Every structure is written in C-alpha cells, then in structure tokens.
Amino acid sequence: KCLVVNVFCDYDSVNSEGPARRILSKALAKIDTTDWVNVVKFSPNGRVLAVGDRSGTIGIYSYDSKKAKDGLPAVAHLAQFTVSESVLGVEWAPDGRYVYVGGEDFCITIVDTSSWNKIVKIERDRWVHFVSSSHKGSHVAVGGGNSDVTIIDANDSFKPV
C-alpha cells in the first residue's frame, strides 16, 4: 500500500530540551498496490507520482490537491509498466519528459512520459539502487551494488560517458 500523507514530526526524537511536541498527520490519499512499495517519486511539477514495487511494477498516478473530492486530493491511475525485477530507484527528468527506473534487473530503463513506452534499456553488472538526474537533465547518474557510479549522457541517445 502507498499513502500520500501530511508531514509528521516527533519532536521527542529531535528536540531533547523543553516539552515534547508532536505534529500529527492524516492520510490525504491512498493508492493501493499489489506488492510492497520500494520507491515513490513526484514529477518535477508535483502533479504526477511514480510508484515502484517489489514485483517490478511502476504505477503512474496523477495527483491534484486542488481537485479534491470529499476534502481529499484527486488521485487517478494514468499508466503502468513493468521491468523484470524489483524496482529500487525512480527519477524524473527535470522537464518531466522521461522517467528513469533502476532495480534488481541490473538495468536502467528509460520511459518516455508522452506515451509511457520504454525507449531505452541500459544494462549494468549490478542492481541499480540510485538514479539521479542532473539539474538541467543533460546527464543521469546511476549506482548501487558496487563502488561504481555510471553517468549517462541524456543528450546523446543515453550513452554512458
């Protein structure tokens, strides 16, 4: 299960001086998934959420806090695709044009968000735990499972540099 929630902070653990203070949260929206959720990531504009799970499924959901129903944000399923193993990392290109997915399949899968089609699959020799896009989106760094970080040129057919 995946929840989009308000902030929660237990000041007992971060502020040992003074009276304890708790800020409680409530669930704003609930997204049901079929397996354990490993990673969630909002798109750069904050209106789309990618949810990756243990089975290799990536669910894409729209999220609109202004179009509330019964006081809750509107959440709608937009797309779904799979990779062959558990999803461990998800990152959006800064312009929202691509989603980069890494996982236990030893690959970085690049998905075009205009069609939700997988357009490139780059093999590594280890799991991909972490995926990070450069600020302007020209490069993607991936790592995990060993001491190597691979940097990919997003402007040149996603070739490693």
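> Would you mind going over the sheet that holds strand β9 (residues 87–92) with me for this structure?
Hydrogen bonds between backbone groups are what pair the strands of a sheet, and the pairing can be parallel or antiparallel. In space, the four strands of this open sheet follow the order β9-β10-β11-β12, with antiparallel pairing throughout. A single partner strand is all that each edge strand has here, and the edge strands are β9 and β12 (117–123). Each neighbouring strand pair of the sheet contributes to a mean axis angle of 20 degrees, computed without reference to strand direction.

> Sorry if this is basic, but what is going on with the nonpolar core here?
Nonpolar side chains tend toward joint burial in soluble globular proteins. Ile-58, Ile-60, Val-87 and Val-101 are the most contacted members of the largest nonpolar core, which has 14 residues in total. Sorting the residues of this core by element identifies β6 (48–53), β7 (57–69), β8 (72–82), β9 and β10 (98–103) as the ones contributing at least two each. Ranked by residues supplied to this core, first place goes to β9 with three residues.

> Where do I start with the environment of Asn-38 in this structure?
Take Asn-38: it is sitting in strand β5 (residues 37–42). Here the alpha-carbon distance between Asn-38 and Ser-86, two residues 48 residues apart in the chain, equals 8.1 Å. Once residues lying within four places of it in the same chain are set aside, the contact partners of Asn-38 are Gly-52, Asp-53, Arg-54, Ser-86, Val-87 and Leu-88. Within the local environment of Asn-38, its side chain forms a polar contact with the side chain of Ser-86, the two groups lying 2.7 Å apart.

> What exactly am I supposed to notice about the side chain of Asp-153 here?
Relative to the helices and strands, Asp-153 resides in strand β15 (residues 149–153). Beyond its immediate sequence surroundings of up to four residues, Asp-153 is in contact with Ser-138, His-139, Phe-158, Lys-159 and Val-161.

> How should the packing of aromatic side chains be read in this particular structure?
With the rule as written, the count across this model stands at five aromatic pairs. By way of ring pairs, the aromatic residues Tyr-98, Tyr-100 and Phe-158 are connected into one cluster. Note that Arg-54 overlies the ring of Trp-36, its terminal NZ or CZ placed 4.0 Å from the centroid.

> Any chance you could explain a nonpolar patch on the surface here in plain terms?
A cluster of nonpolar residues, Val-149, Ile-151 and Val-161, forms a patch on the protein surface that exposes about 300 Å² of accessible area. Checked against the element boundaries, Ile-151 lands in strand β15.

> How should I be thinking about the sheet that holds β15 in this particular structure?
Strand order in the open sheet formed by four strands is β13-β14-β15-β16, and the pairing between neighbours is antiparallel. The sheet terminates laterally at β13 (130–133) and β16 (159–160), the two strands that pair on one side only. Relative to strand β14 (residues 139–143), β13 is paired through four bridges, and the arrangement is antiparallel. Residue pairing across strands places Ser-133 opposite Val-140, the latter belonging to β14.

> What am I meant to see in the pattern of salt bridges here?
Pairs may arise between side chains of opposite charge once their charged atoms sit close together. All told, the structure shown has three salt bridges when counted by the stated rule. Close ionic contact of Arg-54 with Asp-35 constitutes a salt bridge, the shortest N to O distance being 2.8 Å. Of the two residues, Arg-54 sits in the loop between β6 and β7 while Asp-35 sits in the loop between β4 (27–31) and β5, which places them 19 residues apart along the sequence. By relative accessible area, which is 38% here, Arg-54 ends up partly exposed.

> Would you explain the pairing of β6 in this entry?
The two faces of the sheet receive side chains in turn, since in a regular strand these alternate between them. Of all six residues that make up β6, six are buried, and the element is covered over most of its length. Two strands pair when backbone bridges link them, and β5 and β6 are joined in this way by five bridges, in the antiparallel orientation. Bridge pairing in β6 links Val-40 to Val-51.

The rules behind each value
- Residues numbered from 1 in each chain as written.
- Predicted model: local features only at pLDDT ≥ 70, side-chain atom pairs only at ≥ 80, totals over all residues.
- Heavy atoms only, no water.
- Pairing = 2+ DSSP bridges.
- Helix = DSSP H or I, 4+ residues; strand = E, 2+ residues; numbered from the N terminus.
- Axes fitted to C-alpha atoms, helices over the stretch in contact; angles between N-to-C directions.
- Core = buried A, V, L, I, M, F, W, Y, C linked by side-chain atoms within 4.5 Å.
- Buried < 20%, exposed > 50% of the residue type's maximum accessible area, 1.4 Å probe, protein only.
- Contact = heavy atoms within 4.5 Å.
- Polar contact = N/O pair within 3.5 Å; in protein donor to acceptor, adjacent residues only side chain to side chain.
- Phe/Tyr/Trp six-rings, centres within 6.5 Å; stacked < 30°, edge-to-face > 60°.
- Lys NZ or Arg CZ within 6 Å of the ring centre and 35° of its normal.
- Patch = residues over 30% accessible without salt bridge, like charges linked within 9 Å, V, L, I, M, F, W, Y side chains within 5 Å.
- Areas by Shrake-Rupley, 256 points an atom, 1.4 Å probe, with all protein chains shown as cover.
- Salt bridge = Lys/Arg side-chain N within 4 Å of Asp/Glu carboxyl O.

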